[in-house]
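These are the residues of each chain, in order.
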Amino acid sequence: MADSLFEDFVPRKRVKKVDNKDYVDVDDVVKVDSVVDRVFIDLKDDENVDDKEYVSVDEDCIDDRNVVSSDDEVDENVESDDKGVDNKFIDENERNKNMEVPYLNQRFDNLDDADRFIRSYALKNGFAVKIQQTKKRAKVDEIYARMFVCRLAGENQDKNVVDEEVCVGSSKGTRRRDKLPRSGCKVRMFVVKKKKKDYWELTTVELEHNHDLVSPSKMTLIQRERHVTSAARNLINVLNVSGIRPSQTMSLFSNMQGGVSNVGFGSQNIRNVVRDERKKKIQVSDAQAGLDLLSRLKEEGGGKFFVKTQVDGENRLKNLVWVDPKCLMAYSNFGDVVAFDTTYRTNRYAMPFVPFTGVNHHYQSVLFGFALMRDEVKSSFEWVLRTWLEAVGDKHPNAIITDQDQAMAGAIASILPQTRHLLCSWHISQKFPEKLNTLYIKHPGTFKVDFNKCIYHSLTEDIFEERWKDLVVKYDLKDHSWLQGLYLLKEKWISAYTKSTFSAGQTTTSRSEGMNAFFDSYVSSSTGLKQFVENAQKAIERQFMREKEEDNDTKNKTRYLRLKTALEQDGASIYTKEMFRQFQVQLVEASKYFVEKDKDQLTLGDEVTHYRCFRPLTEIDKRTMYEVKFNKVALTGRCVCRMYEHLGIPCRHIIAVLNKKNVAQIPVTFIQRRWTRDANRVDGMLPYAMGCDDPTSTELTPSQRFNHMTLLTMSFCHSSMVSKERYEYAVEVMNREIANLEKMAVDNVDAAPNTNTENPIEENIGDELNEPVLDPIVSQTKGRKKPQRFKNPIEGLSKKKRKCKQCHEEGHDIRTCKKFGDQNKSS
């Protein structure tokens with residue numbers, strides 16, 4: 001088709017004025033040498049000619065046989081030809097729409113139109129184009145010419161040739177990339193905007209390939225044609241901010257466009273868009289950008305947003321603590337118990353992330369602040385705890401739950417001496433199979449039963465001590481160093497000791513680790529500090545929104561009553577929905593217990609009575625007796641199970657005594673205010689208002705405008721899908737209005753946040769700094785280390801060792817066999 005288009009076309013000669021007398025053929029004066037890198041048509045002899053009107057192009061872009069070019073400076077005859085061309089093609093824009101093949105002197109309103117037309121033509125004809133050269137006018141820094149060539153233009157150059165013998169058998173061989181088989185294709189299109197012209201024009205067109213073309217169905221597989229439009233980029237960024245992974249985003253585009261092959265790009269292109277957006281927003285160091293964000297949040301929080309940093313001698317970020325005003329409010333209401341965990345390291349610096357986590361009145365996890373640490377040494381823990389206490393008004397929690405980190409334990413003892421330090425029982429129990437496996441094998445069935453009975457089912461300290469002594473004697477554990485070490489820590493993790501301390505029913509750091517699971521949806525091993533801070537704020541918003549929903553359900557919905565007793569109705573009016581369910585479980589179980597006075601215990605006056613509670617349907621030798629001491633005047637009591645002291649709601653045994661005494665309401669002495677409906681209003685209403693801006697405000701950023709318009713067009717799309725007629729009309733309207741929008745001017749609003757670094761950190765944010773904070777050192781092993789699966793020692797013994805197929809020895813294979821390597825060298 002290209003050949004037929006230019007079959008009868010005779011290119012006009014390139015002319016030049018010589019000695020101010022006449023125009024001559026340039027080919028008679030200037031001889032083009034294909035070896036020369038660039039070809040210049042030098043018209044400097046004529047003072048009236050602006051040499052910048054003539055562009056220089058690469059040698060690859062010039063061919064003496066089929067290249068057609070046009071210039072401005074021509075004689076009268078040539079000018080009349082131009083007029084003829086103008087008369088012949090009156091409506092150039094209309095012809096551009098109808099013509100599918102580029103042609104000489106084709107005009108475009110702007111460079112973008114030319115780019116779209118050329119790429120569309122290439123896509124329909126089975127090849128891809130690339131930009132080989134772009135020219136600018138130096139004085140105005142304006143593009144005035146661009147050369148598009150086939151992607152197979154040029155020749156391959158051998159670089160970094162790899163010795164094949166070096167890579168054979170090597171586990172870390174040099175990476176070798178596949179090369180694109182360039183064929184020196186001469187297809188090219190040169191578009192120019194000449195001076196004093198308001199349009200772009202194709203001055204060079206060559207459309208003959210020297211290679212096979214790609215079928216249109218496979219064009220999306222060509223790397224250069226995997227183009228992500230601006231609209232798709234905006235949607236990708238919105239989905240990324242919402243925690244949608246690139247693979248999930250790719251599935252969304254695939255469903256919307258009827259298959260992966262119709263999308264036009266892949267998951268890697270989506271990752272590139274996310275990466276580019278991240279780099280665009282961070283114009284300074286990542287650490288400084290994160291601190292700038294925290295500084296802005298501090299200003300918006302009216303001074304209640306707490307931020308403090310610590311840097312090292314190189315001015316790199318070392319430790320960081322920040323506490324949102326919502327976290328401060330939550331801590332003032334529910335700060336009696338805190339879970340402290342440092343196992344989460346999913347960020348580009350592998351810095352341990354510390355969410356200070358607690359429990360609200362709906363038994364939901366609630367955040368009390370955040371910290372990022374470079375290392376897990378005692379000094380760092382002390383700084384973090386001291387700084388966090390400063391943020392929460394030096395209010396010490398009653399209990400703090402952590403793992404068995406010795407540095408952390410030392411810091412807690414130093415900074416929080418009045419706080420009861422409890423250890424995560426789950427982390428300790430996870431070590432039982434490894435540390436006690438020999439005993440499990442040596443005493444199958446018996447040791448595990450006796451050990452669990454001692455650890456988990458001892459009601460009192462005395463019972464635990466008695467069972468522990470029997471365990472040590474029976475299984476000869478006096479020299480078992482690991483168990484003896486745990487025994488020394490018994491007051492921090494054995495339930496017989498910890499139940500005397502209120503911990504909101506918590507015995508593990510699972511709530512803090514549950515927060516880590518939330519962050520897994522938003523962060524990855526490449527997540528920087530700024531994005532991490534943004535996601536932490538999202539976690540706060542999500543948690544407080546959940547709390548608001550539970551407040552609404554508790555207030556506006558009635559509880560289901562199973563027993564329909566006065567005590568149950570009273571509990572439904574006092575507790576939140578979740579805590580009433582836990583109270584209801586104890587209430588129902590209380591009906592299964594028999595209560596009698598303990599005749600063996602002397603009555604302390606006329607007020608205090610000792611009771612024994614047990615399940616009568618249980619065999620006598622398997623019954624567990626629960627002793628309850630109850631004051632019938634003050635309506636106070638204490639059960640040996642200590643559930644009220646540990647969790648804050650009366651246990652089934654106390655409720656059984658209340659039923660025996662015909663008490664119709666829960667005594668005030670058995671009500672913890674933190675579990676009641678208004679517990680989050682003790683120190684004021686929680687700040688539920690999230691600062692929703694008017695979506696029609698002129699101050700919206702481009703990203704916010706995109707989100708708003710996406711919501712508006714959802715109903716439009718839904719209405720247009722119900723019939724073919726509506727759909728075709730909607731498409732016509734959209735295409736027309738998009739064309740009108742493209743003609744409108746654009747503003748210079750930048751979507752990126754303010755990254756002014758003149759005064760990046762206020763004095764109360766951290767130590768006074770004279771220069772921006774630098775990033776921590778990027779981790780070489782990004783993200784959390786993969787947890788190693790615990791292997792039973794028997795598994796290791798029973799597994800056959802690998803043998804080398806060459807020498808038949810154990811411990812290696814043929815790839816690492818030294819004998820085989822020596823034989824190859826000798827041969």
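Predicted, not measured: the structure shown is a model, and the values here were computed from it.

(A) Representation of the pattern of salt bridges within the structure. Across all of its chains, the model carries 27 salt bridges by this definition. The closest approach of N and O atoms between Glu461 and Arg642, which form a salt bridge, is 3.5 Å. In this pair, Glu461 is assigned in helix H18 (residues 461–475) and Arg642 in the loop between strand S20 (636–639) and helix H26 (643–646), connecting sequence segments 181 residues apart. What makes Glu461 partly exposed here is its relative accessible area of 27%. Residue class for Arg642 comes out buried when judged on its relative accessible area of 4%. One continuous salt-bridge network, built from bridges that share partners, spans Glu550, Asp553, Lys557 and Lys577.

(B) A look at the side chain of Lys530. Mapped onto the elements, Lys530 comes out in helix H23 (residues 529–556). Here the side chain of Lys530 touches Glu534 through a polar contact of 2.7 Å, side chain to side chain.

(C) Geometry of the nonpolar core. Leu294, Trp322, Phe356, Phe368, Trp388 and Phe519 are the most contacted members of the largest nonpolar core, which has 59 residues in total. Setting aside its immediate chain neighbours within four residues, Phe356 contacts Val338, Ala339, Phe340, Val366, Leu367, Phe368, Gly369, Phe370, Ala371, Val384, Leu385 and Trp388. Tyr575, Val595, Cys613 and Val663 belong to the second largest nonpolar core, which has 42 residues in total.

(D) Just the packing of helix H7 (residues 230–241) against helix H8 (residues 246–256), in detail. One can describe the packing of H7 onto H8 by two numbers: an axis separation of 10 Å at closest approach and a directional angle of 135 degrees. When the interaxial angle is binned, H7 and H8 end up oblique. The chirality of how H7 crosses H8 is right-handed. On H8, the residues touching Ala232, Leu235, Ile236 and Leu239 of H7 are Thr249, Leu252 and Phe253. Broken down by class, the residue content of the contact of H7 with H8 amounts to 6 nonpolar, 1 polar and no charged.

(E) The packing of helix H24 (residues 566–574) against helix H25 (residues 577–590), seen in detail. In the contact formed by H24 and H25, the axes pass within 9 Å of each other and the chain directions differ by 165 degrees. Considering their axes alone, H24 and H25 lie roughly antiparallel with respect to each other. Seen along the crossing, H24 lies across H25 with a hand that is right-handed. Facing H24, whose interface residues are Leu567, Glu568, Gly571 and Ala572, H25 presents Phe580, Phe583, Gln584 and Leu587. Its residues placed into classes, the contact of H24 with H25 shows 5 nonpolar, 2 polar and 1 charged.

(F) Structural detail: the packing of aromatic side chains. Enumeration according to the criterion identifies 26 aromatic pairs in this entry. Between Tyr331 and Phe368, the aromatic rings sit 5.2 Å apart at their centres with planes inclined by 80 degrees, giving edge-to-face as the arrangement. In this pair, Tyr331 is assigned in helix H11 (residues 325–334) and Phe368 in strand S14 (residues 365–373), connecting sequence segments 37 residues apart. The pair formed by Tyr331 and Phe368 is uniform in burial state, with each residue classed as buried. Members of the aromatic cluster, joined through ring pairs, are Phe432, Tyr440, Phe447, Phe451, Tyr475, Trp482 and Trp493. Between Arg674 and the ring centre of Trp675, over which it is positioned, the NZ or CZ distance is 4.5 Å.

(G) Structural context of the pairing of strand S15 (residues 399–402). Judged by which residues are buried, S15 turns out to be covered on both faces: Ala399 and Ile401 on one side and Ile400 and Thr402 on the other are all buried. Direction of pairing for strand S12 (residues 337–339) relative to S15: parallel, over a ladder of 3 bridges. Bridge assignment links Val338 to a residue of S15, and that residue is Ile400. Pairing geometry for S15 and strand S16 (residues 420–423), over 4 bridges, is parallel. Residue pairing for S16: Ile400 is matched across the bridge by His421.

(H) Broad picture of helix H10 (residues 286–300). Its 15 residues place the ends of H10 21 Å apart at the C-alpha level, agreeing with the 21 Å of an ideal helix rising 1.5 Å per residue. Listed in full, the buried residues belonging to H10 are Asp286, Ala287, Gln288, Ala289, Gly290, Leu291, Asp292, Leu293, Leu294, Ser295, Leu297 and Lys298. Where H10 is buried, its residues meet strand S10 (306–311), strand S11 (317–323) and H23. Just past H10, the residue Gly302 takes up positive phi, approximately 65 degrees.

(I) Main features of unusual backbone geometry. Even without being a glycine, Asn105 presents a positive backbone phi close to 70 degrees. Of note, Asn315 is a non-glycine position whose phi angle comes to about 65 degrees, a positive value. With respect to the helices and strands, Asn315 occurs in the loop between S10 and S11.

(J) Molecular detail of the sheet that holds strand S8 (residues 188–192). The antiparallel open sheet is built from 5 strands, whose spatial order is S5-S9-S8-S7-S6. Lying at the two open borders of the sheet, with one neighbouring strand each, are strand S5 (107–108) and strand S6 (129–137). Pairing of S6 with strand S7 (residues 142–150), which is carried by 8 bridges, proceeds in the antiparallel orientation. In the strand pairing of S7, Arg137 is matched with Glu142.

(K) Up close: the environment of Ala232. Turning to its location among the elements, Ala232 is positioned in helix H7. A C-alpha to C-alpha distance of 9.6 Å links Ala232 and Val273, two positions 41 residues apart in sequence. When residues no more than four places from it in sequence are discounted, the contact partners of Ala232 are Phe253 and Phe265.

Parameters at a glance
Residues numbered from 1 in each chain as written. Predicted model: local features only at pLDDT ≥ 70, side-chain atom pairs only at ≥ 80, totals over all residues. Heavy atoms only, no water. Salt bridge = Lys/Arg side-chain N within 4 Å of Asp/Glu carboxyl O. Helix = DSSP H or I, 4+ residues; strand = E, 2+ residues; numbered from the N terminus. Buried < 20%, exposed > 50% of the residue type's maximum accessible area, 1.4 Å probe, protein only. Polar contact = N/O pair within 3.5 Å; in protein donor to acceptor, adjacent residues only side chain to side chain. Core = buried A, V, L, I, M, F, W, Y, C linked by side-chain atoms within 4.5 Å. Contact = heavy atoms within 4.5 Å. Axes fitted to C-alpha atoms, helices over the stretch in contact; angles between N-to-C directions. Parallel < 35°, antiparallel > 145°, perpendicular 65-115°, else oblique. Left-handed = near helix turned anticlockwise from the far one by under 90°. Nonpolar A, V, L, I, M, F, W, Y, C, P; charged D, E, K, R; others polar. Phe/Tyr/Trp six-rings, centres within 6.5 Å; stacked < 30°, edge-to-face > 60°. Lys NZ or Arg CZ within 6 Å of the ring centre and 35° of its normal. Pairing = 2+ DSSP bridges. Expected span 1.5 Å × (residues − 1).

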